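# Structural characterization, general
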Amino acid sequence: MAKRKNRKKEFDYNPMKMEKEMAKLHRLINEQNFESKKDFENYLNSIMGGKINKKFKMKYDPKYEAQDLVYDAYELPDSKGKKLIEKALKIDPNNADAYVYLAEREEDNHKALELYEKGVKAGEKSLGEKIFKEEVGHFGGIFETRPYMRARAGYAECLYLIGKYNEAISQYMDILRLNPNDNQGIRYHLSTWLIDQNRKKDYLELYQKYEDDGFAHWLYNHVLFLFKTIGKVKKTNIEMRKAIDQNPLVIPYLIGEKELPETLPEYMGFGDESEAIYYWVDAAKIWYKSPKAMEWLFEVWERHSYMN
């Protein structure tokens, strides 16, 4: 069974810092009753200038207080951060992100799964039933759904890690039903899982929804799918060329020519080394399960190196 990594050790940056500022701006704007467009523009200008207009003040809400504590927890060492999480849950027991924080720091897959499940249930209570009926397909554009969606994604990941593959895939498919714009990048992991589980029909349906995606993860996964499905034919070679043109650094990592860094890059770029490293982390295992695909990969890289 794959061991769950402690993400706090793996990443040396705060992934919630920017969202904290966005949340504040979102709340400030939503809580004001602007009398005119000019008032709204003046207020935005005052915020951008670092001055909060005293005429407009935020109302006290325990949900926001708890969420601010969670944001702050991400900026502290775990021992101090967990104390803030305890405080946040006392203020708002339905804060999904509090459970996400705890789950991310849990190395035991089953314990992490329980925490994510609590986060999912807390998120459902916090959001209410109405949003799940009226906003299906639009969750990506609703700021308040973010903690719930993080909990859902973590829950699915843990299900997969403990071998409940079909349940995990169903969870990811439902996340995309709620948020087809997929600002979470769910489709990349899902495509890997579908290839791993040989769910060809589901993979093709997913691929067709995001066919124009140009990231290495999407391109290289499709190459592997084609190789496993139709073999080393012209179409497969054409798609491999597209993948190499987008990011040639993926193959050296897959074949072991380049060594992985001890820690993951803080950010993932497009067409660069960080993208290649993140692809290896998620999808190398499905390549290694196909010895013939790996043999072909060595051939392709040898030919590419010779030509270049």
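The text that follows walks through the structure, step by step, so that each part is easy to find.

Check the secondary structure of the protein chain and you find 17 helices and zero strands. When burial is assessed residue by residue, the protein chain has 45% of its 308 residues classed as buried. Residue pairs in contact within the protein chain that sit at least 24 positions apart in sequence constitute 64% of those at least 6 positions apart. As presented, the protein chain carries roughly 17,300 Å² of accessible surface, and 51% of it is formed by carbon and sulfur atoms.

What follows deals with empty space enclosed by the protein. Applying the stated criterion across every chain, the model contains one cavity of 30 Å³ or more. In this structure, the largest cavity spans a volume of roughly 60 Å³. Around the largest cavity sit Leu194, Ile195, Asn198, Arg199, Lys200, Phe225, Lys228 and Thr229, which together line it. Breaking the lining of the largest cavity down by element, the ones donating at least two residues are helix 11 (186-196) and helix 13 (216-230). No other element matches the three residues that helix 13 contributes to the lining of the largest cavity. In the lining of the largest cavity, the residues fall into three nonpolar, two polar and three charged.

Turning our eyes to something else, we now look at the pattern of salt bridges. The full count for this structure, using the stated rule, is 15 salt bridges. Among the salt bridges present, the one from Arg152 reaches Asp174, with a minimum N-O distance of 2.9 Å. Residue Arg152 is located in helix 9 (residues 146-161), and its partner Asp174 is located in helix 10 (residues 165-178); the two are separated by 22 residues in the primary sequence. Overall, Arg152 belongs to the buried group, its relative accessible area being 7%. By relative accessible area, which is 22% here, Asp174 ends up partly exposed. For Glu273, the salt bridge is made with Lys258, and the minimal N-O distance between the two is 3.4 Å. Within this pair, whereas Glu273 is found in helix 16 (residues 273-288), its partner Lys258 is found in the loop between helix 15 (250-254) and helix 16, the two being separated by 15 residues in sequence. Of the residues examined, Glu273 reaches a relative accessible area of 34% and is grouped as partly exposed. Taking relative accessible area as the criterion, Lys258 reaches 31% and is therefore assigned partly exposed.

Right, let's talk about helix 14 (residues 234-246) for a bit. Compared with the 18 Å implied by 1.5 Å per residue over 13 residues, the 19 Å span of helix 14 between its first and last C-alpha is a close match. Along helix 14, the positions that sit buried rather than exposed are Thr236, Glu239, Met240, Ala243, Ile244 and Gln246. Within helix 14, the buried residues cover an arc of 160° as seen down the axis, which keeps them to one side. Along helix 14, exposed side chains directed more than 90 degrees from the buried face belong to Lys234 and Asp245. Buried residues along helix 14 sit against helix 12 (200-209), helix 13, helix 15, helix 16 and helix 17 (291-307).

So, how was this worked out
Along each chain, numbering runs from 1 in the same order as the chain's sequence is written. Reporting of local features is limited, given that this is a predicted model, to residues whose pLDDT is at least 70; pairs of side-chain atoms are given and counted only at 80 or more, and all residues count toward the totals for whole chains, interfaces and linings. Calculation of side-chain values draws on the structure's entire complement of heavy atoms; hydrogens and water are dropped beforehand. Helix and strand assignments follow DSSP, with helices taken as H or I runs no shorter than four residues and strands as E runs no shorter than two, numbered in order from the N terminus. With a 1.4 Å probe rolled over the protein chains alone, any residue whose accessible area is under 20% of its type maximum counts as buried; one over 50% counts as exposed, and the rest are partly exposed. In what follows, a contact means two residues having at least one pair of non-hydrogen atoms within 4.5 Å. The accessible surface values rely on the Shrake-Rupley method and a 1.4 Å probe; as for residues, cover is taken only from the protein chains in view. Only protein atoms enter the 1 Å grid used here. Points where a 1.4 Å probe fits but cannot escape make up a cavity, open sets with protein on both sides within 12 Å along at least five of seven lines make up a pocket, and a residue lines them when an atom lies within 4 Å of a point. Grid points are joined across faces, edges and corners, and a volume is the space filled by probe spheres set on the points. Classes in brief: Ala, Val, Leu, Ile, Met, Phe, Trp, Tyr, Cys and Pro nonpolar; Asp, Glu, Lys and Arg charged; the others, Gly included, polar. Put simply, a salt bridge is a Lys or Arg side-chain nitrogen that is within 4 Å of an Asp or Glu carboxyl oxygen. The span expected for a helix works out to 1.5 Å for each residue beyond the first. Directions pointing from the helix axis toward each C-beta atom define the arc.

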